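In case you want the letters, here they are:
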Amino acid sequence: MSEHSVTPKEEEVETIDLFRLLEGMWKAFGHYFWLVLLLTALGAGGMVLRSYLSYTPQYVAYATFTVTSGSQGTYSTSNYYNTTTASQLESTFPYLITSGSLAKIVADDLGVSSLNGTITASVMANTNLFTIEVRSSDPEMAYQIVQSLIDNYPKVAEQVVGDTTLDPLDESGVPTEPVNTVNYVNSAVRGGALGLVLGLGILFLMTITRQTIQRETDFKRRLNLECLASIPQIAVKRRAKGNTQAMVSIYNPHISQGFLDAVRVLRTRVERDAREQGRKVLLVTSAAPGEGKSTLAANIAMSLAMDGQKGLLMDCDLRNPSVREMLQLQPGKGVYERLTGEAKLDEVFQYDKAHRLFVLPGGKPCSNASEILDSPQMRELLGSVKTLVDYVILDTAPVGMITDTAVLAPLADGAIFVVKQDYAKTGDIQEAVEQLSESRIHMVGCVLNGVTASSGGYGYGYGYGYGYGSYRHYGGYGEQPARTEQTK
């Protein structure tokens, strides 16, 4: 094999990279198609405007005539137009007509400092038929230049070929229509094409510079972590009040089989790791808001319960508790009130019959979540609930934003890291994982969430609204437009 030959494996890598590039550009187009359309429209409009502003009508005046030499008139016997004379006139006429000396004579004749026009001359080969054309933005000036050239040509030609006589055969008169026109359609097409190329170029740069997690293999390659499962993106209508089937859950009969299978795979791997290592308290988190950690935490707990285990879902995202609303539980006290001594355990510990799992909802939002979670009361609460169930699933705040999850991590036996496909930057994910690892918590693995069909995985489109804000300051989340349920 030669030094530069490519193995099948290398060819496959190159093909996959090209495919991912095109896939990334298609996704970027889906998000920023308006930018491409805007640049295309601006390019088309700009080129049309440029053509309009730069357009100057040009008029052409011309005259066709014969040129003979001698003083006895055209075709007289004494000055017969022989081949030698024709050849001489043929070679000198264009030069003389366009010469600077004749142009100066014509300018003086017309009373202008310079000629507003371009002069060209042509000769029909081996004849004494000559044509003068003058192109100018002023039709009257074009015609006057032609007439002056005919009148003054003999003066200049006399020094070269002797006496000459010009006999007009045809002339244009003062031109009335410009010879150049603007094709605005072509201008729009050219401008639109330039705008389209620019837009696609921007998408290309965005794609090659965007470092996100796209596939399961990216976890090992970029984060050195195992991917436990790929969860498909699910289409569910916006939640209506009282609609218990609106949540993305394994108990929703409208959820696709692909989602059920993916959650089952995730539960099997999580349960095997927990059973082999004796882990009972599992923390579920992400690098940023909007990656679907709460929905996955709930479904892990549900799937464990479906497998015959007692699963407890505990809302430890005290700044922005969402489990109660997500499961559509009745308003009441929760983890915050239990940790602050405002409620007893039996007042907040619930069993959700609809989803067949035990629940400790979050309670009232607070701004000092880190302080409350890093307290003896929290350790006491976890110790108590561990005796009541088989597994405790902690839905925690995003790691990359605040320290709530980091202070809670030492109390958990393992962590499951949720990464939404093509969402958070790889660098932010790496920082979040490193921050979590500082607590020396066991990393069970990562979950690739929201996988679309174009990525070679599942494809079930997402979409019902469940608000989830971004951390604006240490006190909690700022208000944000409604997002999809799985993006919580």
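Within each chain, residue numbers correspond to sequence positions counted from 1 in written order. Only residues with pLDDT of at least 70 get local features here, since the model is predicted, and only at 80 or more are side-chain atom pairs given and counted; chain-wide, interface and lining totals rely on the full set of residues. To get the side-chain values, all heavy atoms of the structure are used, and hydrogens and water are removed first.

## Here we look at the overall build of the chain
Looking only at helices and strands, the chain features 15 helices and 14 strands. Intrachain contacts of the chain at a sequence separation of at least 6 include 78% that bridge at least 24 residues. Taken as a whole, the chain presents about 24200 Å² of accessible surface, with 53% of it coming from carbon and sulfur. Per the convention used, a helix needs a DSSP run of H or I reaching at least four residues, while a strand needs a run of E reaching at least two, with both numbered from the N terminus. Residue contacts follow a heavy-atom distance rule, with two residues in contact if any of their heavy atoms lie within 4.5 Å. Working definition of accessibility: Shrake-Rupley area with a 1.4 Å probe, residue cover restricted to the visible protein chains.

## Points about the side chain of Thr92
Position of Thr92 among the secondary structure elements: in helix 2 (residues 83–97). Setting aside anything within four residues of it in sequence, one finds Thr92 in contact with Val160 and Val161.

## Digging into the packing of helix 7 (residues 257–277) against helix 8 (residues 293–306)
Two quantities define a packed helix pair, namely the angle between the axes and the distance from one axis to the other. At a minimum axis separation of 9 Å, helix 7 and helix 8 run at an interaxial angle of 75 degrees. With respect to helix 8, the axis of helix 7 lies roughly perpendicular. Where helix 7 abuts helix 8, its residues Phe259, Val263, Arg264, Leu266, Arg267 and Glu271 lie against Asn299, Ile300, Ser303 and Leu304. The classification used treats Ala, Val, Leu, Ile, Met, Phe, Trp, Tyr, Cys and Pro as nonpolar, Asp, Glu, Lys and Arg as charged, and all other residues, Gly among them, as polar. Residue classes in the contact of helix 7 with helix 8 are distributed as five nonpolar, two polar and three charged. Every axis in this analysis is a line fitted to C-alpha atoms, fitted for helices over the stretch in contact. Angles between the N-to-C directions lie between 0 and 180 degrees. Here the angle decides the label: under 35 degrees means roughly parallel, over 145 means roughly antiparallel, 65 to 115 means roughly perpendicular, and every other value means oblique.

## Focus: the packing of aromatic side chains
Here is the rule: rings of Phe, Tyr and Trp (six-membered ring for Trp) pair when centre to centre is within 6.5 Å. Planes less than 30 degrees apart are stacked, more than 60 are edge-to-face, and the remainder are tilted. Per the stated rule, a full pass over the model turns up seven aromatic pairs. A ring pair is formed by Phe93 and Tyr153, whose centres lie 5.0 Å apart and whose planes are at 65 degrees; its orientation type is edge-to-face. Taken as a pair, Phe93 in helix 2 and Tyr153 in helix 4 (residues 139–161) lie far apart in primary sequence, 60 residues in all. Aromatic ring contacts, followed pair by pair, group Phe65, Phe93, Phe130 and Tyr153 into a single cluster.

## Section: the nonpolar core
Core analysis: the largest hydrophobic core is formed by 48 residues, its most contacted members being Met314, Leu360, Val392, Leu394, Phe417 and Ile429. We define a nonpolar core as any set of buried Ala, Val, Leu, Ile, Met, Phe, Trp, Tyr and Cys residues linked to one another through side-chain atoms lying within 4.5 Å. Burial classes: relative accessible area under 20% of the type maximum marks a residue as buried, over 50% as exposed, and values in between as partly exposed (1.4 Å probe, protein chains only). In this structure, Ile231, Val270, Ala301 and Val323 belong to the second largest nonpolar core, which totals 38 residues.

## So, the sheet that holds strand 9 (residues 357–360)
Sheet strands associate in pairs through backbone hydrogen bonding, adopting either a parallel or an antiparallel arrangement. The sheet built from eight strands is open, its strands ordered 5-12-11-6-10-7-9-8 with mixed pairing. Where the open sheet ends on each side, the last strands, each with one partner, are strand 5 (227–232) and strand 8 (350–352). The mean angle between the axes of side-by-side strands here comes to 25 degrees, regardless of whether they run parallel or antiparallel. Of the pairings in the sheet, the one linking strand 8 to strand 9 comprises three bridges and is antiparallel in character. Pairing of Gln350 across the sheet is with Val359, part of strand 9. Running over the sheet, helix 8 touches strand 5, strand 6 (281–286), strand 7 (311–315), strand 9, strand 10 (391–395), strand 11 (414–420) and strand 12 (443–451) and is turned about 170 degrees from strand 10. The strands touched by helix 15 (residues 426–437) within the sheet are strand 6, strand 11 and strand 12, with strand 11 carrying the most contacts at an inclination of about 170 degrees. By this definition, two strands are paired if DSSP reports at least two bridges between them.

## Focus: helix 3 (residues 100–110)
Residues Leu102, Val106 and Ala107 constitute the buried set of helix 3. Projected down its long axis, helix 3 shows its buried positions confined to an angular sector of 140 degrees, all on one face. In helix 3, the exposed positions that point more than 90 degrees away from the buried face belong to Gly100, Lys104 and Asp108. In the segment just after helix 3, Gly111 is the residue with positive phi, at about 75 degrees. Here the arc refers to the set of directions running from the helix axis out to each C-beta atom.

## Some words on the confidence of the model for the chain
In the predicted model, the chain carries a mean pLDDT of 82, and the fraction of residues at 70 or more is 82%. Scored between 0 and 100, pLDDT is the confidence that the predictor attaches to each residue. Low pLDDT, under 50, characterises residues 1–16; the predicted model gives this stretch three contacts beyond four residues in sequence or across chains. Within the model, pLDDT remains below 50 along residues 455–488, and this stretch shows 136 contacts once partners closer than five positions in the same chain are excluded.

## Topic: the packing of helix 3 against helix 4
Their axes nearest at 9 Å, the elements helix 3 and helix 4 cross at an angle of 120 degrees. The angle between helix 3 and helix 4 places the two elements in the oblique class. For helix 3 against helix 4, the interelement crossing comes out right-handed. Facing Ser101, Leu102, Ile105, Val106, Asp109 and Leu110 of helix 3, the residues of helix 4 in contact are Met141, Gln144, Ile145, Ser148, Leu149, Asn152, Tyr153 and Val156. Residue composition of the contact of helix 3 with helix 4, by class: nine nonpolar, four polar and one charged. By convention, the crossing between two helices is left-handed when the near helix turns anticlockwise from the far helix through less than a right angle, and right-handed when the turn is clockwise.

## So, a negative patch on the surface
Together, Asp428, Glu431, Glu434 and Glu438 give the surface a local cluster of negative charge. Summarising the element assignment, Glu434 is placed in helix 15. Here, patches come from residues exposed beyond 30% relative accessible area and free of salt bridges, joined within 9 Å for like charges and within 5 Å for nonpolar side chains (Val, Leu, Ile, Met, Phe, Trp, Tyr). For salt bridges, the criterion is a side-chain nitrogen of Lys or Arg within 4 Å of an Asp or Glu carboxyl oxygen. Note on charges: Lys and Arg go in the positive column, Asp and Glu in the negative column, and His and the chain ends are not counted at all. Where a charge lies is defined by one atom per residue type, namely NZ (Lys), CZ (Arg), CG (Asp) and CD (Glu).

## Digging into helix 4
Multiplying 1.5 Å by the helix residue count minus one yields the expected span of that helix. A rise of 1.5 Å per residue sets the reference length of helix 4, with its 23 residues, at 33 Å; its end C-alpha atoms lie 32 Å apart and thus fit the reference within 8%. By the largest-angle criterion, Asn152 marks the main kink of helix 4, which is about 40 degrees, and a proline, Pro154, follows within four residues. Listed as buried for helix 4 are Met141, Ala142, Ile145, Val146, Ser148, Leu149, Ile150, Asn152, Tyr153, Val156, Ala157 and Val161. In the analysis that follows, any N or O atom pair within 3.5 Å is treated as a polar contact, provided that within protein one partner can donate a hydrogen and the other can accept it, and provided that, for residues neighboring in sequence, both atoms belong to side chains. The N-cap of helix 4, judged by a side-chain oxygen 3.1 Å from the amide nitrogen of Glu140 a few residues on, is Asp138. Trailing helix 4 by a residue or two, Gly162 shows a phi angle of about 85 degrees, which is positive. Bend angle per residue: angle between axes fitted to the 7 residues ending at that residue and the 7 residues starting there.

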